[in-house]
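Chain residues, written in single-letter form:
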Amino acid sequence: MNSIDQTAYNSPWYSLHPAVKLGLTIALLAAVLVLDSRIVSAVVIVAVFALLVGIARVSWRLYMGLMTVPLLFLLVGCAAVAISSSPSASGIWPGVYIGGMWWGVSFQSLQEALNLFCRSLACVSAMYLLALTTPVVQLVYALRLFRLPGIVADLMGLIYLHIGIFLKTARDIYIAQQARCGYQGFAGHLHSLTALLGNLFIKNLARSNACYDALLARGFKGSLQVLDEQYTVKPLHLALSSLFIAGLVLISSFGGRI
Amino acid sequence: MKPDLLRAENLAYIYHDGTRALDGVSIALGQNVKAAILGPNGAGKSTLFLHFNGLLRPHRGTVYYKGQALQYHKKALQVLRREVGIVFQNPDNQLFSASVLQDISFGLLNQGCKPAEARRRVEEIGFKLGIEHLFSKPTHFLSVGQKKMVALAGVLVMEPELIICDEPTAGLDPGNAECFMQLLDGLHQQGKTMLISTHDVDLAYQWADEVWLLNQGKVMAQGSPVEVFSRAEALQAARLKTPWLLEIWQEMARLGLSPTELPPRNKTQLRQSMLNLKPEAG
């Protein structure tokens, strides 16, 4: 989580208006899902990679690392979709006969799996485009502009900050346990882990209370009113984003379904 | 005589587990003083501070602000919290937002300050404390020293009359600690009333004008630093030590070298009195 966060904060696109970044992401997702064309998906995957690594200076090592998890997940998932069954052996390859049905890969199921794979990966790419250039604080700000209810936005911000604190507390407890010979053997593992989870809860509760006191001390009245950084929408960014989406639509109408 | 800014009379507070955190504490804080509550861990310092802006309500006794007993309904508390700012010991508990700018502006907007005006004041305070370059940084990537500064900024921006700092130097390196205390000095010179808690006897001795020694929820000694720190038995009971400046001065007096009437308050004064001792050359 930290590497994504740090990349977003140091991104050359940090100062872009968050609503433009969020808007582009939503438009990309919509284009990929609605146009439902493999070539559009492929273009999005390649374009996002080029944009992030080439222009937004994300290290390609990091990007590849981030892509590995969804890629593995997708390969397994799509493999399952590619396998189909039929009462006759024609059109099924390699055609294994189990329980009165022929099992294997058909042209249609392969098409389906490939479609699914491309669309999913394109959507993941679009989400990374947002995540690697937009810190959560900006995202919450943009969502507020897009009429997300205030309480949900407040919660998003608080949860984001507290995930960090939560992980740090867990790591501190884990190290403290290890330093005193925790996690030895199976029983020791269970014992230490239970203690970690239980105390994590108690510690975080105590911490939340302290946090709440500190909010009250500064006159908290039930909603987190804060100032945001000021961003300006550059016409160029809007134009380029629109051009990108228009290009995708054009490709899908000419290229059709390949 | 000016009325006290803050006065606590006979405060008692008992936690759910039966701990008597405060047991009859009385304190009076004049306007524009530099005061320190001194005490070992668990003496009740933080609990006492939470009473001063109405976060805790005493089980016995009363807190007065500008001569008025505290009222505990929402509106009165909002007004009080505008005047009494607390910088908490652990900045991680105070910084609720991932953005420095958002966090500093929080209290100000709660006061009903207009966004444009709030932005101006936040920028001004950031510039004053030298943290304007941190504004776009996330709070969780800051060092402890930086977090402490942001926490202070979030309170200062509300322009409170009384600024309370719980263990201001805890977790800071000597350089940062000195910087932070100089900042507090500057605020005092601007007319603010400052109250800190600490278990650092040298800090309390050199920085404060008035000291309360708190131990096990009771005030064991109070007065000027020299008065309080001369009460060896009270210090011992609280497991605190004599400040080194005072100890050296006392030792010199014992050896018949009595340098000055009054003990030195800082290194410069000590040095001066030692120079005075030097036999005239030639």
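Residues numbered from 1 in each chain as written. Chains lettered and ligands numbered in written order. Predicted model: local features only at pLDDT ≥ 70, side-chain atom pairs only at ≥ 80, totals over all residues. Heavy atoms only, no water.

The helix and strand inventory of chain B stands at 12 helices and 10 strands. A compact globule built from 282 residues should have a C-alpha radius of gyration of about 19 Å, and chain B, at 20 Å, falls within 12% of that. Each of the three principal axes of chain B carries a C-alpha extent, and together these read 70 × 45 × 40 Å. Counting all 282 residues of chain B, 53% fall into the buried class. For chain B, long-range pairs separated by at least 24 residues make up 63% of all intrachain contacts whose partners lie at least 6 apart in sequence. (Helix = DSSP H or I, 4+ residues; strand = E, 2+ residues; numbered from the N terminus. Rg over C-alpha atoms; globule rule 2.2 N^0.38 Å. Buried < 20%, exposed > 50% of the residue type's maximum accessible area, 1.4 Å probe, protein only. Contact = heavy atoms within 4.5 Å.)

Before going further, it helps to examine helix 1 (residues 2-10) of chain A. Every buried residue belonging to helix 1 of chain A is among A:Asp5, A:Thr7, A:Ala8 and A:Tyr9, and all of these are buried. Contacts from the buried residues of helix 1 of chain A go to helix 4 (60-82), helix 5 (107-131), helix 6 (136-145) and helix 7 (150-179) of chain A.

A separate point is the environment of B:Ala8. Residue and element names in this part refer to chain B. Secondary-structure assignment places Ala 8 in strand 1 (residues 6-14). Through-space distance from the C-alpha of Ala 8 to that of Ile 163 is 16 Å; in sequence the pair is 155 residues apart. When sequence neighbours within four positions are dropped, the list of residues in contact with Ala 8 reads Val 25, Ser 26, Ile 27, Phe 52, Thr 62 and Val 63.

Averaged over chain A, the pLDDT score is 89; the fraction of residues at 70 or greater is 98%. Within chain A, strand 2 (residues 93-98) of chain A has the poorest average pLDDT of any element, 81, and helix 2 (residues 18-35) of chain A the best, 95. (pLDDT = per-residue confidence, 0-100.)

A word on the sheet that holds strand 1 (residues 83-86) of chain A. Residue and element names in this part refer to chain A. On the basis of which strands lie adjacent, the open sheet formed by 3 strands has the order 1-3-2 and antiparallel pairing. One side of each edge strand has no neighbouring strand; the edge strands of this open sheet are strand 1 and strand 2. Across this sheet, the average inter-strand angle for adjacent strands is 30 degrees, counted without regard to direction. Of the strand pairs in this sheet, strand 1 and strand 3 (residues 101-105) are connected by 4 bridges, and their pairing is antiparallel. Its bridge partner lying in strand 3, Ser 85 is registered against Trp 103. Packing against the sheet, helix 4 makes contact with strand 1 and strand 3, and its axis sits at approximately 15 degrees to strand 1. (Pairing = 2+ DSSP bridges. Axes fitted to C-alpha atoms, helices over the stretch in contact; angles between N-to-C directions.)

As a further point, take the nonpolar core. B:Ile104, B:Leu184 and B:Leu213 are the most contacted members of the largest nonpolar core, which has 56 residues in total. The leading source of residues in this core is helix 6 (residues 144-156) of chain B, at 7 residues. Core analysis: the second largest hydrophobic core is formed by 42 residues, A:Ala214, B:Ala35, B:Ile37 and B:Phe106 among them. (Core = buried A, V, L, I, M, F, W, Y, C linked by side-chain atoms within 4.5 Å.)

Taken as a whole and judged by the stated rule, the model has 13 aromatic pairs over all chains. Look at B:Phe49 and B:Phe52: their rings are 6.2 Å apart centre to centre, the planes differ by 40 degrees, and that puts the pair in the tilted class. Placement of both B:Phe49 and B:Phe52 in helix 1 (residues 45-52) is noted, with a separation of 3 residues, approximately one turn of the helix. Each member of the pair, B:Phe49 as well as B:Phe52, carries the same accessibility label: buried. Here the aromatic cluster, defined as three or more aromatic residues joined through ring pairs, consists of A:Tyr212, A:Phe220, B:Phe96 and B:Phe106. For B:Arg7, the ring lying beneath its charged end belongs to B:Tyr64, and the centroid distance is 4.5 Å. Over the face of the ring belonging to B:Tyr205 we find B:Arg265, whose NZ or CZ atom lies 5.9 Å from the ring centre. (Phe/Tyr/Trp six-rings, centres within 6.5 Å; stacked < 30°, edge-to-face > 60°. Lys NZ or Arg CZ within 6 Å of the ring centre and 35° of its normal.)

On the chain A side, the residues contacting the 36 residues of chain B number 29 residues. Here chain B meets chain A over a buried area of about 3100 Å², counting both sides, of which 61% is carbon and sulfur. On the chain B side of the contact with chain A, B:Asn93, B:Phe96 and B:Phe106 bury the most area, a combined 21% of that side's loss. At the surface where chain B touches chain A, the tally comes to 2 salt bridges. Among the ionic pairs, B:Asp92 bridges to A:Arg207, the shortest N-O distance being 3.9 Å. Applying the counting criterion to the chain B and chain A interface returns 13 residue pairs in polar contact (both at pLDDT 80 or more). For the side of chain B that touches chain A, the leading source of residues is helix 4 (residues 100-110) of chain B, giving 9 residues. Counted by class, the side of chain B that touches chain A contains 17 nonpolar, 15 polar and 4 charged residues. (Buried area = accessible area lost by both parts, 1.4 Å probe. Salt bridge = Lys/Arg side-chain N within 4 Å of Asp/Glu carboxyl O. Polar contact = N/O pair within 3.5 Å; in protein donor to acceptor, adjacent residues only side chain to side chain. Nonpolar A, V, L, I, M, F, W, Y, C, P; charged D, E, K, R; others polar.)

What follows is about empty space enclosed by the protein. Under the criterion given, the structure shown has 3 cavities of 30 Å³ or more. A volume near 80 Å³ is recorded for the largest cavity. Along the walls of the largest cavity sit 13 residues, with A:Tyr14, A:Val137, A:Glu229, A:Tyr231 and B:Ser99 positioned nearest its centre. The class makeup of the residues in the lining of the largest cavity is 7 nonpolar, 4 polar and 2 charged. (1 Å grid on protein atoms, 1.4 Å probe; cavity = no way out; pocket = protein on both sides within 12 Å on 5 of 7 lines; lining within 4 Å. Points joined across faces, edges and corners; volume = space filled by probe spheres on them.)

Attention now goes to unusual backbone geometry. Of note, the phi angle at A:Asp36 is positive, near 45 degrees, even though the residue is not glycine. Along the chain, the position of A:Asp36 falls in the loop between helix 2 and helix 3 (38-55). The phi dihedral of B:Asn10 falls on the positive side, at around 55 degrees, and the residue is not glycine. With respect to the secondary-structure elements, B:Asn10 resides in strand 1.

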